[in-house]
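# Working through the structure, step by step
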Amino acid sequence: PEDRKNEGLILINSVAFNMTLAALKDIIKGIRVNKKKRAEMVKHYVDAFSIKVTSAEQLVGNLSGGNQQKVVVARVLNADPDIIILDEPTRGIDIKTKSDIHRLMSTLACEGKSIIMVSSELPEVLGISDRILVLNEGHVTGILNRDEADPSIVMKYAVKKEIGGEEHGRENS
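Below, the structure is looked at part by part. (Residues numbered from 1 in each chain as written. Predicted model: local features only at pLDDT ≥ 70, side-chain atom pairs only at ≥ 80, totals over all residues. Heavy atoms only, no water.)

Among the nonpolar cores identified, the biggest contains 34 residues, and M19, F49, V71 and L77 are the most heavily contacted of them. Looking at this core, the elements with two or more residues in it are helix 2 (15–20), helix 4 (35–48), helix 5 (65–78), strand 3 (83–87), helix 6 (95–110), helix 7 (122–128), strand 5 (131–136) and helix 8 (151–159). A per-element tally of this core places helix 5 first, with five residues. Ignoring any residue separated from it by four or fewer positions in sequence, one finds M19 in contact with M41, V42, Y45, V46, I51, V71, A74, R75 and N78. (Core = buried A, V, L, I, M, F, W, Y, C linked by side-chain atoms within 4.5 Å. Buried < 20%, exposed > 50% of the residue type's maximum accessible area, 1.4 Å probe, protein only. Helix = DSSP H or I, 4+ residues; strand = E, 2+ residues; numbered from the N terminus. Contact = heavy atoms within 4.5 Å.)

Listed below in structure tokens is the structure:
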């Protein structure tokens, strides 16, 4: 979610709790939590994403914004989805974490996952996207492939009211 603190995390709970929320079916048998499997899931993403924690039981609200964002992404990945929607995935995080998230997105795409990224940062969109859908006031105004997209064309669509005409990009279908 765009607002990780209010919509993506339960700040008064642990890193482990937040990270495994989407995988409850995989770690609960009957009324018992498989603590070993839960610990393995958490360790995997703490190590893979270099999440700085004192322990898996640390309150997620005490982490930096970048580490909180990594916990949110880990929770989503624990559900093993085929399609992942990331809304402003790098807002309010440091450059290194931003780079880590971009690298992760590329890796997931190479593994066959579909990534839908919503971002208001044009350089980020141009740098990582294979296909760009431009919206203005909730309406699609342009659809561009990576090789068609440059800042001036994207901005032209961003201020346009509705799709149509003989301009760059494909028509809405």
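A one-sided burial pattern is seen for strand 3, the buried positions being I84 and L86 and the unburied ones I83, I85 and D87. In this structure, strand 3 lies alongside strand 4 (residues 114–118), joined through five bridges in parallel fashion. Counterpart to L86 in the pairing with strand 4 is M117. Assessed by its sense of winding, the connection that carries the chain from strand 3 through helix 6 to strand 4 is right-handed. (Pairing = 2+ DSSP bridges. Right-handed = clockwise from strand over helix to strand, strands pointing away.)

As a further point, take the packing of aromatic side chains. Applying the stated criterion across every chain yields a total of one aromatic pair. Each ring, one from Y45 and one from F49, has its centre 5.2 Å from the other, and the planes form 50 degrees; the classification is tilted. Taken individually, Y45 and F49 each receive the classification buried, so the pair is uniform in this respect. (Phe/Tyr/Trp six-rings, centres within 6.5 Å; stacked < 30°, edge-to-face > 60°.)

This part covers helix 8. All of the buried residues in helix 8 are I153, V154 and Y157. Buried residues of helix 8 fall within an arc of 100 degrees about the axis and therefore sit on the same side. Residues of helix 8 that are exposed and point more than 90 degrees away from the buried face comprise S152 and V159. Of the surrounding secondary structure, the elements contacted by the buried residues of helix 8 are helix 7, strand 5 and strand 6 (139–145). (Arc of directions from axis to C-beta.)

Together, I83, I85, I116 and V118 make up an exposed nonpolar region whose accessible area comes to about 370 Å². Counting only elements with at least two residues in the nonpolar patch, the list comes to strand 3 and strand 4. Considering the arrangement of structural elements, one finds I116 in strand 4. (Patch = residues over 30% accessible without salt bridge, like charges linked within 9 Å, V, L, I, M, F, W, Y side chains within 5 Å. Areas by Shrake-Rupley, 256 points an atom, 1.4 Å probe, with all protein chains shown as cover. Salt bridge = Lys/Arg side-chain N within 4 Å of Asp/Glu carboxyl O.)

Along the chain, V46 turns up in helix 4. Expressed as a C-alpha distance, the spacing of V46 and Q68, which sit 22 residues apart in the sequence, is 11 Å. The contact partners of V46, leaving out residues within four places of it in the chain, are M19, I51 and V53.

Don't take any of this as a statement about function, it's just geometry.
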